[in-house]
Amino acid sequence: MKKGLWIVAGLAALTTPVVLVMVFVMFLTTVAGAGYEQQRAQQCIVGGQDGAWNGSVPAIAGPVRWPVTGRWTPTSEFGMRVNPGAKEYGKYKMHNGLDMAMSAPGPVVAVKDGVIKRILVDGLGGNQVYIDIGGSTIVGYSHLRDRPTFKPGDRVTAGQTVGIEGATGNVSGPHLHFSVQQGEGNFINARTWLDAQGLKVPALNQWASAPGSGVAAGTSGAHATNVTSSSSSSASSSADGISSANLPMPGTNRSASTSSNPKPIPIPANWKRAYDAAAAKYGLPWTLLAGIGAEETRQGQMVRTSSAGAQGPTQFMPATFAAEGVDGNGDGKKDIQNVDDAIHSTAAKLVRDGAKQGPGGVRKAIYAYNHAEWYVNDVLYWAQVYGGGSVPISGEALPGQGCADQGMTLPTVGGDLPPVPADGGNSSLIVQAARSALGTPYAWGGGTIHGPSMGTGIGAGVVGYDCSGLTLWAVYRGTGIQLPHKADEIAFTSKGQVIPDKSKLQPGDVIAFSEEGSGRRGSFGHIGIYLGGNQMIHAPVQGQNVKVADISTPYWSSMRWSIHRFAPARAA
């Protein structure tokens, strides 16, 4: 028995080195195989290692130009951050490049002569192009609008268009994710690398300008930065000195324009004359007005009273038209059903709501017409189908779209809601306001007392509310009380009445949830508005919309609650 054990032990001793060698070889093979896959996974949102480059950042031989064109701003830095995309949302991950957002999606270009190293299309980086520019340096372009037509080995020249800025993959808005690898798979800080090439990157959300496509590195203007503040005017000027900006491109969140055959809807001759006349009078591209007409009534094919009561060719609410409508045909009357009056009134409203304040102003004005992100994108889609165009900028320009719009507040929603009460209000008004926000997108950092706003951080590029933004808006609309924009601070506010017993809940009460169950300060991470019948309206998470939840489920009932009542229950 003992002799047999010694024999086994001896065999084990002999075979252990072999096994270890085999395991080590397998480990190396796995790591080598995983390296390329990890590179694919490291686009914009996810990553593995900390990505730090401990060596110096070399200046590459020969001049380098900007990868973007026109007006642009950096919106997210290289380094660890909270993932803003739907995939692995909220996780703390490595961001291996520099996000660069243009005022309107345009060409992105090769920074230097080089050879196409790799083309990738996946759910993380979307459409991607990687270029070997020599000196063991590979530059990457992610989230491009269109699938790349290059193939590995193709040569590109500095300034050559490699794609159009887009929002493909795991993103929260249109931008270019520009990455730099110093050696295969070794990502370094793109800002630092650009700085080393003599291209000084401005601070986050500070606007700069870059030359157009076709301008090679080393030529006049290729290094232009021309840093401006985020409120400066747009990228181009006409001969008479009036600045203008292209209509923004539509986002991917669309509705009516996503049918199987979304061709241009035919425009009747009298409608086209009205579009041209209104466009000339108010200084807007006729295509933008046609986008509204296509979305609202399919250019007159579906003129009817909507379920909300909107009427006429461009679907005005009667009260709004009575206050803001114009006499478009000069007959001395304002007729909600008249094509000229309706289209001229639409143009006047768009200008009044900011359509001549740059690409961001265009989106803001369309959003004011109908408070939905998909509606904005539908109108912009139809406008592009009809030929696009540009808008003159007659005042302070708002930031562009996508990542660049952080912090832009949009108009008050709930136009049919009663005014903010001066007498303390009541709980019914809080509920009414909250219900009017159903379907609004979640946007981290979004929401003010004026309504939904462009999110910040992981919510950049999305117009909507986060949980506390929705709550503070509804409470303000119902009572005039202003609350902080943080669930934990609302949970401990001295305003209103604390309700210690869940059984005493009434519609309009505000519930903050201690997700860990301790009830201590710092533990309340979510908040909503009680409707009655164990239901709550809340803004859940990024990627979802404001909706109703059943708080009798174990998920909610297992948490510690903090309940506040900010108004008595009486008829609205």
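Rules and cut-offs
- Every chain is numbered on its own, with residues counted from 1 as its sequence reads.
- For a predicted model such as this one, the threshold for reporting local features is a pLDDT of at least 70, and the threshold for listing and counting side-chain atom pairs is 80 or more; totals across whole chains, interfaces and linings nevertheless cover every residue.
- Only hydrogens and water are set aside when side-chain values are computed; all heavy atoms of the structure are taken into account.
- Helix and strand labels come from DSSP, where a helix needs a run of H or I of at least four residues and a strand needs a run of E of at least two; each type is numbered from the N terminus.
- Accessibility here uses a 1.4 Å probe with only protein chains present; expressed as a share of the type maximum, an area under 20% marks a residue as buried, one over 50% as exposed, and anything in between as partly exposed.
- Only heavy atoms matter for contacts: two residues are in contact if any of them lie within 4.5 Å across the pair.
- Grouping buried Ala, Val, Leu, Ile, Met, Phe, Trp, Tyr and Cys residues that are joined through side-chain atoms within 4.5 Å yields what is termed a nonpolar core.
- By the criterion applied in these results, polar contacts are pairs of N or O atoms within 3.5 Å in which, for protein atoms, one can donate a hydrogen and the other can accept it, and in which residues neighboring in sequence qualify only through two side-chain atoms.
- When the centres of two rings from Phe, Tyr and Trp lie within 6.5 Å, Trp using its six-membered ring, the rings pair. Their planes under 30 degrees apart give stacked, over 60 give edge-to-face, and anything left gives tilted.
- DSSP bridges decide pairing: two strands pair if at least two such bridges lie between them.
- pLDDT is defined as a per-residue confidence score from the predictor, taking values between 0 and 100.
- Interaxial angle, 0 to 180 degrees, is taken between N-to-C directions of lines fitted to C-alpha atoms, where a helix line uses only the stretch in contact.
- We call two directions roughly parallel when the angle between them is under 35 degrees, roughly antiparallel when it is over 145, roughly perpendicular when it lies between 65 and 115, and oblique otherwise.
- In a left-handed crossing the near helix is turned counterclockwise from the far helix by less than a right angle, and in a right-handed crossing that turn is clockwise.
- In this classification, the charged set is Asp, Glu, Lys and Arg, the nonpolar set is Ala, Val, Leu, Ile, Met, Phe, Trp, Tyr, Cys and Pro, and all remaining amino acids, among them Gly, are polar.
- One less than the residue count of a helix, multiplied by 1.5 Å, gives the span that helix is expected to have.

As for the overall build of the chain
Here's step 1: What the chain contains, in helices and strands, is 12 helices and 24 strands.
Here's step 2: Taken across its 572 residues, the chain has 51% of its residues classed as buried.
Here's step 3: Considering only contacts in the chain between residues 6 or more positions apart, those separated by 24 or more positions represent 66%.

Re unusual backbone geometry
Here's step 1: Of note in the backbone geometry, Ser 136 takes a positive phi value of approximately 60 degrees without being a glycine.
Here's step 2: With respect to the helices, strands and loops of the structure, Ser 136 is situated in the loop between strand S7 (126-134) and strand S8 (137-144).
Here's step 3: The phi dihedral of Gln 299 falls on the positive side, at around 55 degrees, and the residue is not glycine.
Here's step 4: Of the residues examined, Gln 299 reaches a relative accessible area of 2% and is grouped as buried.

Here we look at the nonpolar core
Soluble globular proteins: nonpolar side chains tend toward being buried together.
Here's step 1: In terms of nonpolar packing, the biggest core is built from 40 residues, with Leu 288, Leu 289, Ile 343, Leu 350, Ile 366 and Tyr 375 touching the most fellow members.
Here's step 2: Going through the elements one at a time, helix H3 (269-282), helix H4 (286-297), helix H6 (339-352), helix H7 (358-369) and helix H8 (373-385) are the ones with two or more residues in this core.
Here's step 3: Element by element, the count of residues in this core is highest for H8, at seven residues.
Here's step 4: Discounting chain neighbours no more than four positions away, the residues touching Ile 343 are Trp 271, Ala 274, Tyr 275, Ala 278, Leu 289 and Thr 314.
Here's step 5: In terms of nonpolar packing, the next biggest core, distinct from the first, is built from 31 residues, Trp 66, Tyr 141, Val 156 and Phe 178 among them.

Focus on the side chain of Gln 128
Here's step 1: Note that Gln 128 resides in strand S7.
Here's step 2: Polar contacts involving the side chain of Gln 128 include one to the main-chain carbonyl oxygen of Gly 126, which spans 2.9 Å.
Here's step 3: Here the side chain of Gln 128 touches Tyr 130 through a polar contact of 2.9 Å, side chain to side chain.

Describing the packing of aromatic side chains
Here's step 1: With the rule as written, the count across this model stands at 14 aromatic pairs.
Here's step 2: With a centroid separation of 6.4 Å and 45 degrees between ring planes, the pair formed by Phe 178 and Trp 193 is classed as tilted. Of the two residues, Phe 178 is situated in strand S11 (residues 176-182) and Trp 193 in helix H2 (residues 190-196); the sequence distance between them amounts to 15 residues.
Here's step 3: Taking the relative accessible area as the measure of exposure, Trp 193 reaches 0% and is therefore buried.

Some details on the sheet that holds strand S22 (residues 535-538)
Here's step 1: Spatial ordering of the open sheet is given by S19-S24-S20-S21-S22-S23, a layout of six strands whose pairing is antiparallel. Each having just a single partner strand, strand S19 (497-498) and strand S23 (547-550) make up the two edges of the open sheet.
Here's step 2: As defined by bridge partners, strand S21 (residues 524-532) adjoins S22 across three bridges and the pair is classed as antiparallel. Within S22, the position partnered with Ile 529 by the bridge is Ile 537.

Some points on the pairing of S11
Here's step 1: Among the seven residues in S11, seven count as buried, and that is most of the element.
Here's step 2: Side chains Leu 176, Phe 178, Val 180 and Gln 182 project from S11 onto one buried face, and the interleaved His 177, Ser 179 and Gln 181 project onto a second face that is buried too.
Here's step 3: When strand S4 (residues 97-102) meets S11, the two strands line up antiparallel, connected through four bridges. Bridging across to S11, Met 100 finds its partner in Leu 176.

Considering helix H9 (residues 427-436)
For an α-helix, 3.6 residues make a turn, and residues three or four places apart therefore share a direction.
Here's step 1: Residues of H9 that are buried: Ser 427, Leu 429, Ile 430, Val 431, Ala 433 and Ala 434.
Here's step 2: At its buried positions, H9 is contacted by helix H10 (467-479), S21 and S22.
Here's step 3: For H9, the side-chain oxygen to backbone nitrogen distance between the N-cap and Ser 428 is 3.0 Å, and the N-cap itself is Asn 426.

Points about the confidence of the model for the chain
Here's step 1: Per-chain confidence: the chain averages 77 in pLDDT, with 73% of residues scoring 70 or above.
Here's step 2: Note that pLDDT drops below 50 for residues 219-243; the model gives that stretch 64 contacts with residues more than four away or on any other chain.
Here's step 3: Note on residues 394-416: pLDDT is under 50 here. Beyond four places in sequence and across chains, it has 88 contacts.

Remarks on the pairing of S8
Successive residues of a regular strand alternate their side chains across the two faces of the sheet.
Here's step 1: Where burial is concerned, most of S8 is hidden: eight out of the eight residues are buried.
Here's step 2: Pairing of S7 with S8 involves six bridges; the strand directions are antiparallel. Within S8, the residue paired with Gly 134 across the bridge is Thr 137.
Here's step 3: What sits between the antiparallel neighbours S7 and S8 is a turn of two residues, in which Gly 135 has the positive phi angle 65 degrees.
Here's step 4: Here S8 runs beside S11; their pairing, made up of six bridges, is antiparallel. By the bridge assignment for S11, Val 139 is matched with Val 180.

Concerning the packing of H4 against H6
Here's step 1: Running from N to C, H4 and H6 cross one another at 115 degrees; their axes reach a closest spacing of 10 Å. With respect to their mutual orientation, H4 and H6 come out roughly perpendicular. Our pair here, H4 against H6, has a crossing hand that is right-handed. Touching Leu 288, Leu 289 and Ile 292 of H4 are Ile 343, Thr 346, Ala 347 and Leu 350, all from H6.
Here's step 2: Taken together, the residues of the contact of H4 with H6 sort by class into six nonpolar, one polar and no charged.

Looking at H10
Here's step 1: Compared with an ideal rise of 1.5 Å per residue, which puts 13 residues at 18 Å, H10 spans 18 Å between its outermost C-alpha atoms and is within 8% of the ideal.
Here's step 2: Of all 13 residues in H10, 13 are buried; the element is thus mostly enclosed.
Here's step 3: In the stretch just after H10, Gly 480 is the one whose phi turns positive, near 85 degrees.

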